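# Analysis of the macromolecular model
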Amino acid sequence: MVKLIIPHVLDTANATLYIIQSFIRTLIYIFKGEKLLLTIMTLSLTRIDYMAVGSTSRGTTRLLPTPDPKQQTQRFVVGDHDGILHICGVKKDELQIIFKSLPGPKVNGISLGGVLGTQKDKIFVAVGNSVKGYTRRGKVFLEFDTNLLEPISAMCVLGPDLSACAKDLYHRYHDCRDADAYLVGERVMDVLLLPGEGSAVVAVLACGDCAVRVLHSGRTPTLLRLTTIPTILMPYREADVESKDRILVGTTDGRVGLLTLQRDKTLRVTWLLSNNGAEITSLDTYELQDGVDILVGRQNGVIEVFAFPEEDDTTPVLRFRHNCGESVSTVVGGIVGAVGYPEVLATTYSGRIFGLTTKPPGLLEVDQDIGLMTKLKIEIDQLEQKKNQQKESFDVGTDALAPPILNVNHRMLINKENASYTLSIELETSIDNILLQSDTPVDLLDVESNSAVASLSACDHKSGNYVLATYRCQINTNRLDLRLRTIEGQPGCLQIYVTSQIHAWLSLALPDVPERPHLEDGEGTLIFTSTFVGTMLKCNYKKGNAIFLSENISSIIILRDILTGEATKRKIRLDVFCNIANGSISRVLDLVLPRIEAARAIKEKVKILDALQEWELNTNPEQLCSKYQKLLENESNLRAELVKDPDMLQRLYGTITDLYVDWERARGGQIVTSKTATEKLRPALESRDLTLLLQIFNGNNSAAETPVPQLQQN
């Protein structure tokens, strides 16, 4: 029997429709003698705003358990960057603040704990390098100094055990005493404690080198390599019971996966969603409606609900999506606003706390609506008075032009699909303008979700300015995504590391280089794949020696220029030798020429479509030949492909032009400018003649080429 789940999200404006959506219809079909169970599942959630606090970090909102969820709602606890801890609950449709602490240092994380086998109703708050414990009523029962040198970046509590991570250091305490520690050597993104055999504890670490490590019984950690950096670890839970061997993981490229901890303490990927999106910032599992759901919060403000698959060989199905307009700090499932109506409690970076509830929006009585409106008007008046008081107390007497100091949340990630970077900038208040300056050529690309107005200014390259741009944001915009593309071999303002180690130098030219090298027998290895061309770069380095292998000579020349430049700055002697394989040119051309042919074909087809439209021949396609009829049938796809990257053909031409310039430099021949190379290669590029291109690269020398071995990623 095969079970097929079809998600469907309907409009939430009508309460009657909402009730209909909760009905599940099951149809039984017989197909080739096999029973097919077709389940049409619907999920509709309504947003309810609760309160606003200061800016929040990831994992700083938790739901406290309740003895009887059928009779009581759950309290929630949240900590912000002002150091204030709030414990709140909803009673009779009104939000009540049970406890509110005094301001203090920034809250880095919150975990719930308690005696093993009982409800987790104790609150553990990470502040700086210390941990404070609170009861559900706000009474302090623990103040513990971890003696870590750096602030706590990740924390987890399991019974008497508490794990605290700071940068690349993992430390576990048992009853506030040192139990074990491990220097990972890479930034620890998240930590999770699971019960082991007997009183043993298993620690799972999400690390910045695209790995998930498992520590157990003081043995060598087991390691699971991923294709991207894991950011969030969360145990699978059902009915407030957490699994001991099933772990949800979220990554920087927006993937969600399920890991299974096996008996030998190794991890196995059970399934991994292939739909890439913004970075995962929070995960949880909860039964909202008709089975367990996966709750996902993303960096771009999107909150998603997936149906958890009943079989390991199937993947989750999307049931609901909501965009709150700013990055999500935490999502957690529970019963908050009304008894009997599960919901998703979410907290944003700016401190907004709201719920996505299964309660129908039209069930409120008329008198409740009137009372709610009166309460909202009172709250608005109070906020207006508070704003005016803050304006009056703002002292600008010393310098009227001095801007206020604001917390900035920013991320910069590479996009593999279009070989560009996405820079996300977010403030806790509205953004008026953003100024972008670069001392190297940078292409600013359009972002669909970006509503800001961009203004480019003329630049004087001699003064070190290549790009000056201003983004004027719309009202109530506190988050902006910018997309940019750099030019290989033209670095700009770089951060300098106080070390002569070549591993640190690689981060000046290559993305996502681990903070520390992973050495085997004293040698480190890194393998990169070009997101645009598809060629590979293999870096083998050890003390006093480094070897770089690539099919693309441009990659080698760029690295050579950067490394020699850094060596010159530090007055370090660096001997560079370059061996060239003639076959590398044909390898790169074999990758680029088919893409040039495809890009030219799309442009030619769009030109034909434009001509048919101008002559009004597209209105009666049956009068055209079959070739043009097929073009008209595929018109939307062709135009969409061209709009996706209209400069693709010129970028491909530029790749081969740069390849020729770098090829001549590597051979020690005459210096060739980009303009000269473009004029020399134009006839061959327009004809897409591989033989003619190879003759130009080889100087009309038809000697046998030296084969180049293809690099393979392990």
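The structure contained in this document is the topic of the report that follows. (Residues numbered from 1 in each chain as written. Predicted model: local features only at pLDDT ≥ 70, side-chain atom pairs only at ≥ 80, totals over all residues. Heavy atoms only, no water.)

## Section: the overall build of the protein
Broken down by element type, the protein carries 10 helices and 42 strands. The proportion of buried residues among the 714 residues of the protein is 44%. Of all intrachain contacts in the protein linking residues separated by at least 6 positions in sequence, the fraction that spans at least 24 positions is 52%. Just so you have it, the protein exposes about 39100 Å², and 51% of that area is on carbon and sulfur atoms. (Helix = DSSP H or I, 4+ residues; strand = E, 2+ residues; numbered from the N terminus. Buried < 20%, exposed > 50% of the residue type's maximum accessible area, 1.4 Å probe, protein only. Contact = heavy atoms within 4.5 Å. Areas by Shrake-Rupley, 256 points an atom, 1.4 Å probe, with all protein chains shown as cover.)

## Quick word on the sheet that holds strand β24 (residues 267-272)
Spatial strand order, β21-β22-β23-β24: four strands in an open sheet with antiparallel pairing. Pairing within the sheet leaves two strands with one partner each, and these edge strands are β21 (230-238) and β24. When the angles between neighbouring strand axes are averaged without regard to direction, this sheet yields 35°. (Pairing = 2+ DSSP bridges. Axes fitted to C-alpha atoms, helices over the stretch in contact; angles between N-to-C directions.)

## Some thoughts on the nonpolar core
Ranked by internal contacts, the top residues of the largest apolar core, which has 41 residues, are Ile596, Ile656, Leu681 and Phe697. Counting residues per element, the ones that place at least two in this core are β40 (523-529), β41 (536-542), α4 (553-569), α5 (583-614), α8 (648-667), α9 (674-687) and α10 (690-697). With 10 residues, α8 is the largest single contributor of residues to this core. Membership of the second largest hydrophobic core comes to 30 residues, among which are Leu192, Leu193, Ala203 and Leu224. (Core = buried A, V, L, I, M, F, W, Y, C linked by side-chain atoms within 4.5 Å.)

## Digging into the pairing of strand β14 (residues 161-166)
On a regular strand, each side chain points to the face opposite its neighbour's, so the side chains alternate between the two faces of the sheet. Across the six residues that make up β14, a large majority, six, are buried. In β14, alternate side chains face the same way, and those of Asp161, Ser163 and Cys165 on one face and Leu162, Ala164 and Ala166 on the other are all buried. As judged from the five bridges shared by strand β13 (residues 154-158) and β14, these two strands associate in the antiparallel manner. Counted as the bridge partner of Ala154 is Cys165 from β14. Once β13 ends, the chain turns through two residues before running back antiparallel as β14, passing Gly159 with a positive phi of about 60°.

## Remarks on unusual backbone geometry
Of note, the phi angle at Lys167 is positive, near 55°, even though the residue is not glycine. Of note, Lys167 is situated in the loop between β14 and β15 (169-174). One non-glycine residue with positive phi stands out, namely Cys176, at about 65°. Checked against the element boundaries, Cys176 lands in the loop between β15 and β16 (177-183).

## Remarks on the packing of aromatic side chains
For the structure on display, the rule yields seven aromatic pairs. Between Phe124 and Phe141, the ring centres sit 5.8 Å apart and the planes meet at 85°, which makes this aromatic pair edge-to-face. With Phe124 in strand β10 (residues 122-127) and Phe141 in strand β12 (residues 140-145), the pair connects residues that are 17 residues apart, well separated along the chain. What makes Phe141 partly exposed here is its relative accessible area of 40%. Connected via pairs of aromatic rings, a cluster forms that spans Tyr236, Trp271 and Phe308. Taking the ring centre of Phe354 as reference, the NZ or CZ of Arg47 above it sits at 3.8 Å. For the cation-ring pair, Arg246 lies above Tyr236, with the distance from its terminal atom to the ring centre recorded as 5.0 Å. (Phe/Tyr/Trp six-rings, centres within 6.5 Å; stacked < 30°, edge-to-face > 60°. Lys NZ or Arg CZ within 6 Å of the ring centre and 35° of its normal.)

## Overview of the pairing of β16
The pairing of β15 with β16 spans six bridges and is classified as antiparallel. What sits directly across from Leu169, in β16, is Leu183. Connecting β15 to the next strand, β16, in antiparallel fashion are two residues, including Asp175 with a positive phi near 55°.

## Overview of the side chain of Thr281
Tracing the chain through its elements places Thr281 in strand β25 (residues 280-286). The buried category is assigned to Thr281, whose relative accessible area is 2%. Here Thr281 is in contact with Arg58, Ile232, Gly297, Arg298, Gln299, Val328 and Ser329, once residues within four sequence places are set aside.

## Considering the pattern of salt bridges
Here the structure, examined in full by the defined rule, presents 24 salt bridges. For Arg411, the salt bridge goes to Glu279, with nearest N and O atoms at 2.9 Å. Note that Arg411 is positioned in strand β32 (residues 408-415) and Glu279 in the loop between β24 and β25, a separation of 132 residues in sequence. Residue class for Glu279 comes out buried when judged on its relative accessible area of 2%. Between Arg352 and Glu326 there is a salt bridge, with its nearest N and O atoms 2.7 Å apart. Of this pair, Arg352 sits in strand β31 (residues 352-357) while Glu326 is found in the loop between β28 (317-323) and β29 (328-334), placing the two residues 26 residues apart along the sequence. (Salt bridge = Lys/Arg side-chain N within 4 Å of Asp/Glu carboxyl O.)

## Things to note about the environment of Gly208
Here Gly208 is to be found in the loop between β18 (201-207) and β19 (211-216). The spatial distance from the C-alpha of Gly208 to the C-alpha of Asp512 is 8.9 Å, given a sequence separation of 304 residues. What Gly208 contacts, discounting residues up to four positions off in sequence, is Glu186, Arg187, Met189 and Ile229.

## Points about the sheet that holds strand β37 (residues 467-472)
In sheet architecture, strand pairing relies on hydrogen bonds along the backbone and comes in two forms, parallel and antiparallel. Strand order in the open sheet formed by three strands is β34-β37-β36, with antiparallel pairing between adjacent strands. Pairing within the sheet leaves two strands with one partner each, and these edge strands are β34 (433-438) and β36 (453-456). On average, each strand axis in the sheet is inclined to that of its neighbour by 20°, with strand direction left out of account. As paired strands, β34 and β37 are joined by six bridges and run antiparallel to one another. Across the sheet, Leu435 pairs through a bridge with Thr470, a residue of β37.

## Considering the environment of Ser329
Relative to the helices and strands, Ser329 resides in strand β29. The sequence separation of Ser329 and Ser350 amounts to 21 residues, and the corresponding C-alpha distance is 9.0 Å. What Ser329 contacts, discounting residues up to four positions off in sequence, is Thr56, Ser57, Arg58, Gly59, Thr281, Ser282, Thr347, Thr348 and Tyr349. There is a polar contact of 3.4 Å between the side chain of Ser329 and the backbone oxygen of Thr348. A polar contact is formed between the side chain of Ser329 and the backbone nitrogen of Tyr349, at a distance of 3.5 Å. (Polar contact = N/O pair within 3.5 Å; in protein donor to acceptor, adjacent residues only side chain to side chain.)

## Quick notes on the state of the cysteines
Note on terminology: disulfide describes a covalent bond linking the sulfur atoms of two cysteines. For the structure on display, the rule yields zero disulfides. Cys165 carries a free sulfur, and the closest cysteine sulfur to it, the one in Cys207, is 8.6 Å from it. (Disulfide = S-S within 2.5 Å.)

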